[in-house]
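So the chains spell out like this:
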Amino acid sequence: MSALESALAAWRSALGEEHVVTEPEALAAAETATFATTQRIPAILRPASTAEVQACLRIAQEHRVPVYPVSTGRNWGYGSRVPPRDGSVLMELGRMNRILAHDEKLAYLTVEPGVTFRQAHAWLRTQGSRTFITSIGGSPDASMVGNALERGDGRGPHADIFQYVCALEVVLPTGERVETGLARFPGARAAPVFRWGVGPSLDGLFSQSSLGVVTRMTFWLARKQPYLREFFISVDEDAQLFERLDRLQELALDGTLRSSFFFWNDLKALSIAQQYPYAATSGRTPLPPVLLDQFREGFGRWAISGALHAPDVDLGAVLERRLAAALEGLPRPLRLSPPPVDGESPFQGVPTDINLSMTYWRKRTPRPDEPHPDRDRCGFIWCSVALPFTGEEAQRAVAIADRLPRMFGFEPNLALLAHSARCLYLVVALAFDRDKRGEDERALACYRALARELTTAGYYPTRLGLQSADDSLPTGDDSLALLRRLKQAVDPAGILAPGRYVPGIPGNDPE
Ligand SMILES: Cc1cc2nc3c(=O)[nH]c(=O)nc-3n(C[C@H](O)[C@H](O)[C@H](O)COP(=O)(O)OP(=O)(O)OC[C@H]3O[C@@H](n4cnc5c(N)ncnc54)[C@H](O)[C@@H]3O)c2cc1C
C-alpha cells in the first residue's frame, strides 16, 4: 500500500468511513477557488473533536502525508479551500461547531472552529444578549475562527478581530495539544479574560501560520450601544477624499470615531449595486468612462461610511457635531441613518451577504440567492496592503491601485479601511469571469504586477492568499530563518499546511 492508502485506512478507522471523503465531485469542488489553481486534493477529513484532530495529525505524521486545515473554507478571493501544495489532504473542521461558553457580563464567547458568524449572531439573539460578535463583509457562513486566524477585518469597534481573541486550544502537527495564555493552567479562572498569561505569548504564532490546528478560541464581544447611527457622505474629487481622510484620522485618534469606517470608490459601489452592463457596452470590457460618469453623478467618486456609537444619546449628539464639523464644506450632504430597530445593524454584529454581489460583477449569469463564487466560477482575487493612516500615503498607494487593474483590462475596485487610528488597509478586488477564455491568466498576472508595485512602494500585504503562495517577500533581517527553524521544530515531518506562510523549507515538505 502507498503511504496515502495506509493513511486513509487509518483515518477511516479513526473517524468512520463517512468522514473520510473521496468522492470525485466533492474533491473537485474543494479543488476550485475563485482563480486558477492546479492542486489536487486526495481526500477530505471531517473530524468532530479535538481528540479526532489529534488522531488525524498523528496518522498524517506517521505516514508523512500533508494535511491542510480549514474551518469553513470560505476564504474567497484568497484561495478558498485549496491547499498551497499539491497532494495535501484537506481537513475541514465544520463538524466542530459548538458554542462552548458565553459570559454576558464579561462579554465573551468561546467557540469551536466550525461556528459561523451567522450561527453566533443568531445564538446571541436567542439569549437576549446585549453583546455582539463583529461581522465581516464576507460570507455569513464563514467561520469566526478561520477569519480571526487570517487576522480578518470586520465592522464595529472590534474591527481588528485578532486583537479581541484569547485562550486558543491548538493541536500541533505531532498531535500534542497546547493552550495559550492562562488557559494552559488548570482551573485558571481568568483564562477567557486575560490574553497574555505568563511567559512568552504564543497566540500570534498560530495566526497566519502553519504551526498548529486551532480547535477552540475565545472571542471578546462588544456591547450594543443605546446610540448608534450609520453615516454616509460622498465626495466628487480624489483631493477631497485625501484631505478629509486626515481629518477623520484625527477623530479616530481622539475617540470620536471608535467604530470602523471605510472609503469606497465608485467602481466598488457599482459592482455591488449591479452586474457589468454588457448590453450597454455591446459585450466589451472594461467599463467605458462614459458609463462610469453616469453612475458617478448619483454616487460620487468616493463614499465615506461608518458608524457613530455612544453609551447615551447626549454623548451621541456631541459625536455627531464633531463628525459634521470635520466634513463641513463638502458639496454633498452628510447623511445619518435613523436608529436601527432593536440595535440590529451590520455595525452591531448583523451578518449580511450583500458584498458578495461584487464577485458576480463580470458574470453573465445573475447572482443567485445563495451566492457561492467557487461553485459559480466567479473570478475574484483580493490584494490587501497596510498603509500609514495619512492622506498623503493613501494618495500614493491609490495612484498605483487605480492604474494597474486598468492596464490589464479590469476595473479598479478599491476600498480604504480604517483598521485603527494609525493604520489603513488598501483593499483591491479584481473581479472577472472564469468562463471567459484568458481571464484567469490575465487576472493572476495583474495581481502579481499590482502586488509587486505596491511592495516596491513600501506597502506590504496584510494577509497572503494562494495567489501569492510562491512569492517570497523580501526581508531585510533574519526573520525568515527564524520562522523556518520554528516550523522545523514544531513540524519536523512537514505535514501541516506545507507552503502556507513559511516559504521554502528544503527537505521539510513530505514526499
Ligand atoms: C466579497 C467578499 C467580502 C469579504 N469581506 C471580508 C471582510 O470584510 N473581512 C475579512 O476578514 N475577510 C473578508 N473576505 C475574505 C474571506 O471570505 C473571509 O476572511 C472569511 O472569513 C474566510 O473564510 P473562513 O472564515 O471560512 O476561513 P477558512 O477558509 O476556514 O480559513 C482561512 C485560512 O485560515 C487557516 N485556518 C482556518 N482554520 C484553521 C484552524 N482551525 N487551524 C489552523 N488554521 C486554520 C487556513 O490557512 C485557511 O485557509 C471577503 C471575501 C469576499 C469574497
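Residues numbered from 1 in each chain as written. Predicted model: local features only at pLDDT ≥ 70, side-chain atom pairs only at ≥ 80, totals over all residues. Heavy atoms only, no water.

**Student:** Would you mind going over the state of the cysteines with me for this structure?
**Tutor:** Working definition of a disulfide: a covalent bond connecting the sulfur atoms of two cysteines. If you walk through the whole model with that rule in mind, you get zero disulfides. Cysteine C378 shares no disulfide, and the gap to the nearest cysteine sulfur, in C446, comes to 18 Å. We classify C378 as buried; its relative accessible area is 0%. (Disulfide = S-S within 2.5 Å. Buried < 20%, exposed > 50% of the residue type's maximum accessible area, 1.4 Å probe, protein only.)

**Student:** I keep staring at the sheet that holds strand β5 (residues 99-103) and nothing clicks. Help me out?
**Tutor:** By definition, the strands of a sheet pair up through backbone hydrogen bonds, in either a parallel or an antiparallel sense. Here we have five strands laid out as an open sheet, ordered β5-β6-β10-β8-β9, and antiparallel in their pairing. Each edge of the open sheet is held by one strand with a lone partner, namely β5 and β9 (177-179). When strand polarity is set aside, the average angle formed by the axes of neighbouring strands in this sheet is 10 degrees. One ladder, built from four bridges, connects strand β6 (residues 108-111) with strand β10 (residues 213-220); its direction is antiparallel. Paired with T110 across the bridge in β10 is T218. Most of the contacts of helix α3 (residues 50-63) go to strand β8 (residues 165-171), to which it runs at about 45 degrees, and overall it touches β8, β9 and β10. Docked against the sheet, helix α4 (residues 117-126) engages β5 and β6, running at close to 45 degrees with respect to β5. (Pairing = 2+ DSSP bridges. Helix = DSSP H or I, 4+ residues; strand = E, 2+ residues; numbered from the N terminus. Axes fitted to C-alpha atoms, helices over the stretch in contact; angles between N-to-C directions. Contact = heavy atoms within 4.5 Å.)

**Student:** In this structure, what is going on with unusual backbone geometry? I would like to understand it.
**Tutor:** Most of the time, phi is negative for any residue but glycine, and the peptide bond is trans. Note that the residue after T285, namely P286, is joined by a cis bond; omega there is -5 degrees. Take P286: it is sitting in the loop between α7 (266-273) and α8 (289-299). Positive phi outside glycine occurs at S282, with the angle close to 50 degrees. For S282, the location among the structural elements is in the loop between α7 and α8. Even without glycine at this site, A497 takes up a positive phi of about 45 degrees. Counting through the fold element by element, A497 comes out in the segment after α12 (479-490).

**Student:** Is there a simple way to explain helix α10 (residues 391-407) in this structure?
**Tutor:** Note: α-helices contain 3.6 residues per turn, so residues at a spacing of three or four share the same orientation. Here α10 spans 25 Å end to end across 17 residues, near enough to the 24 Å set by a 1.5 Å rise per residue. When α10 is considered as a whole, its buried residues turn out to be G391, A394, A397, V398, I400, A401, D402, L404 and P405. Positive phi shows up at G409, right after α10, with a value of about 85 degrees. (Expected span 1.5 Å × (residues − 1).)

**Student:** Help me understand the pattern of salt bridges, please; the structure alone is not making it clear to me.
**Tutor:** Two side chains of opposite charge can pair, provided their charged atoms sit close to one another. Counted by the stated rule, this structure contains 34 salt bridges. Measuring nitrogen to oxygen at the nearest pair gives 4.0 Å for the salt bridge that ties D293 to R296. A residue pair is termed a helical-turn pair when its members lie 3 or 4 positions apart in one helix, as D293 and R296 do in helix α8 at three residues. Taking the relative accessible area as the measure of exposure, D293 reaches 39% and is therefore partly exposed. Beyond isolated ion pairs, a larger network of salt bridges with shared partners links D238, D266, D293, R296, R301, D402 and R406. (Salt bridge = Lys/Arg side-chain N within 4 Å of Asp/Glu carboxyl O.)

**Student:** Which parts of the structure should I look at to understand the packing of aromatic side chains?
**Tutor:** To describe a pair of aromatic rings, you give the distance between the ring centres and the angle between the ring planes. In total, this model carries nine aromatic pairs according to the counting rule given. Ring centres of Y276 and Y278 lie 4.7 Å apart, and the angle between their planes is 50 degrees; on these two criteria the pair is classed as tilted. Accessibility classification places Y276 together with Y278 in one group, the buried group. Feature note: the residues F232, F295 and F299 constitute an aromatic cluster, connected by ring pairs. The residue whose ring lies beneath R362 is Y276, and the NZ or CZ to ring-centre distance is 5.3 Å. Here the basic side chain of R364 rests over the ring of Y278, its NZ or CZ set 3.9 Å away from the ring centre. (Phe/Tyr/Trp six-rings, centres within 6.5 Å; stacked < 30°, edge-to-face > 60°. Lys NZ or Arg CZ within 6 Å of the ring centre and 35° of its normal.)

**Student:** Please explain the site of the ligand as it appears in this structure.
**Tutor:** Around the ligand there are 32 residues in total, and Y68, S71, T72, G137 and D153 lie nearest to it. For the ligand, a nitrogen atom lies 3.0 Å from a polar atom in the backbone of G138. With respect to the ligand, the backbone of D153 contributes an N or O atom lying 2.7 Å from a nitrogen atom. The fraction of the free accessible surface of the ligand (950 Å²) that becomes covered by protein chains is 95%. (Near = heavy atom within 4 Å. Polar contact = N/O pair within 3.5 Å; in protein donor to acceptor, adjacent residues only side chain to side chain. Areas by Shrake-Rupley, 256 points an atom, 1.4 Å probe, with all protein chains shown as cover.)

**Student:** How should I be thinking about the pairing of strand β12 (residues 227-235) in this particular structure?
**Tutor:** In summary, the side chains of a regular strand alternate between the two faces of the sheet. In terms of burial, β12 is largely enclosed, as seven of its nine residues are buried. In this sheet, strand β14 (residues 302-310) lies alongside β12 in antiparallel orientation, the contact comprising nine bridges. Residue L228 lies in a different strand from β14, and its bridge partner there is H309. Relative to strand β15 (residues 335-336), β12 runs antiparallel, the two sharing two bridges. Within β15, the residue paired with F232 across the bridge is R335.

**Student:** Before we go on, may I ask you to explain a nonpolar patch on the surface in this structure?
**Tutor:** Together, L106, V193, F194 and W196 make up a nonpolar patch on the protein surface, roughly 380 Å² of accessible area in all. Looking at the element boundaries, V193 is found in the loop between β9 and β10. (Patch = residues over 30% accessible without salt bridge, like charges linked within 9 Å, V, L, I, M, F, W, Y side chains within 5 Å.)

**Student:** Just to check I follow, could you spell out the packing of helix α1 (residues 3-15) against α3 for this structure?
**Tutor:** Pairs of packed helices are described in terms of their axes, by the angle between the two and the distance that separates them. Axis separation between α1 and α3 bottoms out at 9 Å; the angle between their running directions is 165 degrees. Compared by their axis directions, α1 and α3 come out roughly antiparallel. Crossing of α1 against α3: the hand is right-handed. Only E52, A55, C56, I59, A60 and H63 of α3 make contact with α1, whose side of the interface consists of A3, S6, A7, A10, W11, A14 and L15. Here the residues of the contact of α1 with α3 are counted per class, giving 10 nonpolar, two polar and one charged. (Parallel < 35°, antiparallel > 145°, perpendicular 65-115°, else oblique. Left-handed = near helix turned anticlockwise from the far one by under 90°. Nonpolar A, V, L, I, M, F, W, Y, C, P; charged D, E, K, R; others polar.)

These figures come from the coordinates and say nothing about function on their own.
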